[in-house]
Amino acid sequence: MYGHSHYNQRSPEELLKLFSLDETDLESIRKLQAPLEERLDELVDNWYQWLKNLPEHEEFFTDPKLLEHVQKMQIKFWKIFFKAEVNDDFINMRKRMGETHARIGLPMDSFFAGVDHWLSLFIDMMGELKLKPEEYSQTRRAINKFLHMDMTIIVLSYEQLINETIAAQSKSLMEMSTPVTQIWNGILLLPVVGIIDSKRAQDIMNATLAKISETQARSFILDISGVAVVDTAVANHLIKITKATRLMGCESTISGVSPAIAQTIVELGIDVGTIKTTSNMKDALASAFNKMGLEINEIHE
Amino acid sequence: MLEAEKMARNIGFDPANTIRIKTTVSELGRNILKYAEKGFVSLSHLVDGKKEGIGIEVIDKGPGIENIELAISDSYSTGGTLGLGLPGVKRMMDKFEIESIPGSGTRVYVVKWK
Ligand SMILES: Nc1ncnc2c1ncn2[C@@H]1O[C@H](COP(=O)(O)OP(=O)(O)OP(=O)(O)O)[C@@H](O)[C@H]1O
Ligand SMILES: [Mg+2]
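Keep in mind it's a predicted model, so treat the numbers as computed, not measured. (Residues numbered from 1 in each chain as written. Chains lettered and ligands numbered in written order. Predicted model: local features only at pLDDT ≥ 70, side-chain atom pairs only at ≥ 80, totals over all residues. Heavy atoms only, no water.)

**Student:** Help me understand the overall build of chain B in this model?
**Tutor:** When its secondary structure is counted, chain B shows four helices and four strands. For chain B, with 114 residues in total, the buried portion stands at 45%. Nonlocal contacts in chain B, meaning residues at least 24 apart in sequence, comprise 56% of its contacts between residues at least 6 apart. On chain B, roughly 6100 Å² of surface is accessible, and the fraction owed to carbon and sulfur atoms is 53%. (Helix = DSSP H or I, 4+ residues; strand = E, 2+ residues; numbered from the N terminus. Buried < 20%, exposed > 50% of the residue type's maximum accessible area, 1.4 Å probe, protein only. Contact = heavy atoms within 4.5 Å. Areas by Shrake-Rupley, 256 points an atom, 1.4 Å probe, with all protein chains shown as cover.)

Structure representation (structure tokens):
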């Protein structure tokens, strides 16, 4: 199945519960809002100072316009972060961030390092605020949990986008591996190479039927000389494919049935019924041309 | 399956028998995947005097088979497929043993002589 993902988005309440964030935690984060806003420009400068020493800086932030944009977004984000309101909007905003990271290929390690550096800047800031020891540790713990929750949202959406990309790639790979080709008006050819399992058989079936309806083909040649093994399951799939094409008015021929394969098919006890088989593709082609009223002749000068 | 093909070639089986051996491993392997999920296949090179052959043992700890007589008869399938795997293997091989305990698993052992 394509596009399958195990990622079920948690609701805001579930996320808070998962990271044991309660109202006291959120309240203590909100208390930092005012001091943060005073210092935010300074903190951003400081953070970019740190970033300059990383190789990622070269790769992602050479365009000054882009850099400015990203900085603006960051300032906006931290202001929202310290409002400590976890709702759908917040989650969706962070999910989009994760998707952006995935799209630009930002490595996870630099992302984590970046968040960690922000955390140490916040801790330094808290040091300046002369909080009471209990309040200090409570707030510190709260910020920690909240940041981890935030990173979780980002990482999960990052992972989801990457998975979707992989699924899309394997789909196009599948399409390349079942190249049903019209080799002449009304004649389709598909050489199958490798292993035929249920999924591959289904792919072949889909690709073939689609091509038949597109081209109105009357003959379909399925060449199995490159198939690893023809066992009962493969034979069953082949039989189903030929039956389905016949229902669409297109006669299938299985070519590439070597003498040894023919013997095992018989020993397995498979009834190939009225399915046409040939040992080589040449015979299958000749018979398909014949059916179209065409003949292949050598040209004599 | 590739292992089986390699061993069959090394022992010197002809192409037709090599295909029978490969197909057997594939059938028994598919049954495990389909009915038992997990199990293992072991191949052995048999020598008996001047005779040489291959032994294929397939064991799983799946649900087992209630009625072996039925399972090895043509066209019997609880999986909605052709039901020719086990009887087909029996026809292709020289020796065919099957033991199964419902609820604890299945063992199939087959031999093909060169
Ligand atoms: N390893 C196993 N564990 C449990 N049941 C099995 C096992 N192997 C076979 N069976 C049972 O024996 C029946 C017959 O097996 P067999 O391989 O002959 O046919 P099939 O697998 O149903 O179809 P086919 O092999 O033709 O695709 C199966 O339908 C299943 O009920
Ligand atoms: Mg079977």
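**Student:** Can you walk me through the pairing of strand β1 (residues 181-184) of chain A in this structure?
**Tutor:** Consecutive residues of a regular strand have side chains that alternate between opposite faces of the sheet. Residues and elements named next belong to chain A. Alignment of β1 against strand β2 (residues 187-194), held across three bridges, turns out to be antiparallel. Looking at β2, one finds that Gln182 is bridged to Leu188. In textbook terms, the turn of a hairpin is the stretch between consecutive antiparallel strands, and for β1 and β2 this stretch comprises two residues, one of which, Gly186, has a positive phi near 85°. (Pairing = 2+ DSSP bridges.)

**Student:** What is the right way to look at the packing of aromatic side chains in this model?
**Tutor:** All names here are of chain A. Counting across every chain of the model gives 16 aromatic pairs over all chains. On the numbers, 5.0 Å between centres and 80° between planes, the contact of Trp47 with Tyr48 is edge-to-face. Like Trp47, the residue Tyr48 is buried in the burial classification. Following the ring pairs from residue to residue traces out a cluster consisting of Trp47, Tyr48, Trp50, Phe77, Trp78, Phe81, Phe82, Phe90, Trp118, Phe122 and Phe146. (Phe/Tyr/Trp six-rings, centres within 6.5 Å; stacked < 30°, edge-to-face > 60°.)

**Student:** Is there a simple way to explain the interface of chain A and chain B in this structure?
**Tutor:** It is common to report an interface's size as the accessible area lost on association of the parts. Facing the 18 residues of chain A at the interface are 17 residues of chain B. Between chain A and chain B lies a buried interface of about 1500 Å² when both sides are counted; carbon and sulfur atoms form 59% of it. Considering only the surface of chain A that becomes buried against chain B, Val229(A), Glu267(A) and Leu268(A) emerge as the three largest contributors, covering 33% of it. Taken together, the connections running from chain A to chain B amount to two salt bridges. In this structure, Arg30(B) and Asp231(A) form a salt bridge, with 2.5 Å as the shortest nitrogen-oxygen distance. (Buried area = accessible area lost by both parts, 1.4 Å probe. Salt bridge = Lys/Arg side-chain N within 4 Å of Asp/Glu carboxyl O.)

**Student:** It is not clear to me how unusual backbone geometry should be interpreted in this structure. Could you clarify?
**Tutor:** Note: most peptide bonds trans; most residues except glycine with negative phi. Not every positive phi belongs to a glycine, and Lys130(A) is a case in point at roughly 55°. Along the chain, Lys130(A) turns up in the loop between α7 (108-128) and α8 (133-177). Its identity is not glycine, yet Glu37(B) carries a phi of approximately 70°, on the positive side. Mapping Glu37(B) onto the fold places it in the loop between α2 (15-36) and β1 (39-48).

None of the figures reported here should be taken as evidence of function without further support.
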